[in-house]
Amino acid sequence: MYAGTNKGGTEAIVAAEKLVLERRALLDGAISAESVIESFPLALDRIMGEGGLWDPPTAAAAFLQANGDPAEAVHLLRAHRSTLPRLAFSEPVRPREMQILRRIVPAHRRPDGPQLLGETVDYTARLLHDGSAALPIEVDDDRPLEHPADEPFQRYRDYLAGRDVLAGRGPATDEEPFDLAMVAPQLPAHRSALLSAMALAETGGLINIWYHSILGPDGHAGESVTLGEVRHGRVPLRVAHPHSGEPVQIGRLRVSETEAITHLGARGEDASRFDVGYGMALGQNERKTIATACLDLAAHRFKGTEEGRRLEQILLHTTDGLASCGFLEHLKLPHYVTFRSQLDRAVAARQEQENELERLLTENEKVDTTA
């Protein structure tokens, strides 16, 4: 990660920060961390997901300190996370124990279990209104909302597996997950490393990579993907008890997850099979999990090929928003020494071209005079 230093120009740096602090002081008490948590839940979910730290009050404080800049808030959250001790490693999260807040199954008209839209504006017109609490449309329905039952029920991948059309995904037992917080990403990439990198990735950048990967030379999408499950809910978080060693629940995390399905007949594969990609991210961020699930499919299908190696490299080394923003931001730091060197070389090259042109003109004049 790149960050500015205070070597040289210290007075200007202090004065610039003072302007920020003075502006923040004017709002002191006007906007609290609690009000940010209530008013901007999706923004905080994205910040916590990319920061890799689940704590809404801390994320809200970072959001306020960053003046609402998500990238700067992620930077603050990652920096804070680096100061915290790691007290324990959690047990693997079990998505089938999710307390469901939202579940849509685009692949099935009548799935096993609920179609639960949850809190969303996905299906309403994007029309600005005056900010009042009234809905822009009238709903004549006074029935109380009822929350459907959580799992167990059949996921769409189970539906495909029951019909023996689901492709296998390697060994039945999971390998040790790759921890990006402890080990730097390496190529060729472990699947869990790719999924972890995408869970921390900058959402817009990840969506761009997915969209670019499915566009054909004619500019139209060349990959057919159907979403089997899109979910948002709370999953139990467990750690091993320090005395008994047995897993104990210490809380719940809100997460989003997506299962994406593709038919394998389009590229000369086994046309009797479907493959399923998976994505999970902290908070409610379905765009990221949909892109992750689709890219998980692509990484698996093209693994070992030149295209697959290129995709792994992009996902591991270019999707982290903190790193990419840092590289871009460092361009604002002083670069006058290197640029002056480039300018001197350009001037010298220009002078050399002029000298060469003058020499050629002189030789032509001598030839004309001799003739």
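Rules used in this analysis
Residues numbered from 1 in each chain as written. Predicted model: local features only at pLDDT ≥ 70, side-chain atom pairs only at ≥ 80, totals over all residues. Heavy atoms only, no water. Helix = DSSP H or I, 4+ residues; strand = E, 2+ residues; numbered from the N terminus. Polar contact = N/O pair within 3.5 Å; in protein donor to acceptor, adjacent residues only side chain to side chain. Phe/Tyr/Trp six-rings, centres within 6.5 Å; stacked < 30°, edge-to-face > 60°. Buried < 20%, exposed > 50% of the residue type's maximum accessible area, 1.4 Å probe, protein only. Lys NZ or Arg CZ within 6 Å of the ring centre and 35° of its normal. Pairing = 2+ DSSP bridges. Axes fitted to C-alpha atoms, helices over the stretch in contact; angles between N-to-C directions. Expected span 1.5 Å × (residues − 1). Arc of directions from axis to C-beta. Contact = heavy atoms within 4.5 Å. Salt bridge = Lys/Arg side-chain N within 4 Å of Asp/Glu carboxyl O.

This paragraph deals with the side chain of T289. Among the structural elements, T289 can be located in helix α9 (residues 286-301). A polar atom in the side chain of T289 sits 3.0 Å from the backbone oxygen of E286.

Our focus in this paragraph is the packing of aromatic side chains. If you walk through the whole model with that rule in mind, you get three aromatic pairs. Considering the side-chain rings of Y156 and Y159, the 5.0 Å spacing of their centres and the 20° angle between planes classify their relative orientation as stacked. With Y156 and Y159 both in helix α6 (residues 156-162), this residue pair falls three residues apart, about one helical turn. Look at Y159 and you get partly exposed, because its relative accessible area is 22%. In this structure, R163 is placed above the aromatic ring of Y159, and the distance from its NZ or CZ to the ring centre is 3.7 Å.

This paragraph deals with the sheet that holds strand β4 (residues 274-282). Read from one edge of the open sheet, four strands run β1-β2-β3-β4, paired in antiparallel fashion. A single partner strand is all that each edge strand has here, and the edge strands are β1 (99-104) and β4. For this sheet, the mean angle separating the axes of adjacent strands, direction not counted, is 25°. Two elements, β1 and strand β2 (residues 226-240), share five bridges in a ladder whose sense is antiparallel. Considered in β2, the bridge of Q99 is made with R234.

Another aspect to go through is helix α10 (residues 306-317). Given a rise of 1.5 Å per residue, 12 residues ought to cover 16 Å, and the 16 Å separating the end C-alpha atoms of α10 matches this to within 8%. Here α10 has its buried residues at G308, L311, E312, L315 and L316. For α10, the angular spread of the buried residues around the axis is 120°, confining them to a single face. For α10, exposure combined with an orientation more than 90 degrees from the buried face picks out E306 and E307. The inward-facing, buried residues of α10 abut α7 (191-200), α8 (203-214) and α9.

A few words now on the pattern of salt bridges. The final tally for this structure, using the stated rule, is 24 salt bridges. Of the charged contacts in the structure, one is a salt bridge between D122 and R102, with a shortest N-O distance of 2.7 Å. With D122 in the loop between β1 and α6 and R102 in strand β1, this residue pair connects regions lying 20 residues apart in the sequence. According to the relative accessible area criterion, D122 is partly exposed, its value standing at 38%. Classification of R102 by relative accessible area gives buried; the value is 2%. The residue R155 makes a salt bridge to E257 at a minimum N-O spacing of 2.8 Å. Of this pair, R155 sits in the loop between β1 and α6 while E257 sits in strand β3 (residues 247-263), placing them 102 residues apart in sequence. One connected set of salt bridges, linked through shared partners, spans R103, R155, E229, R231, E257 and E259.

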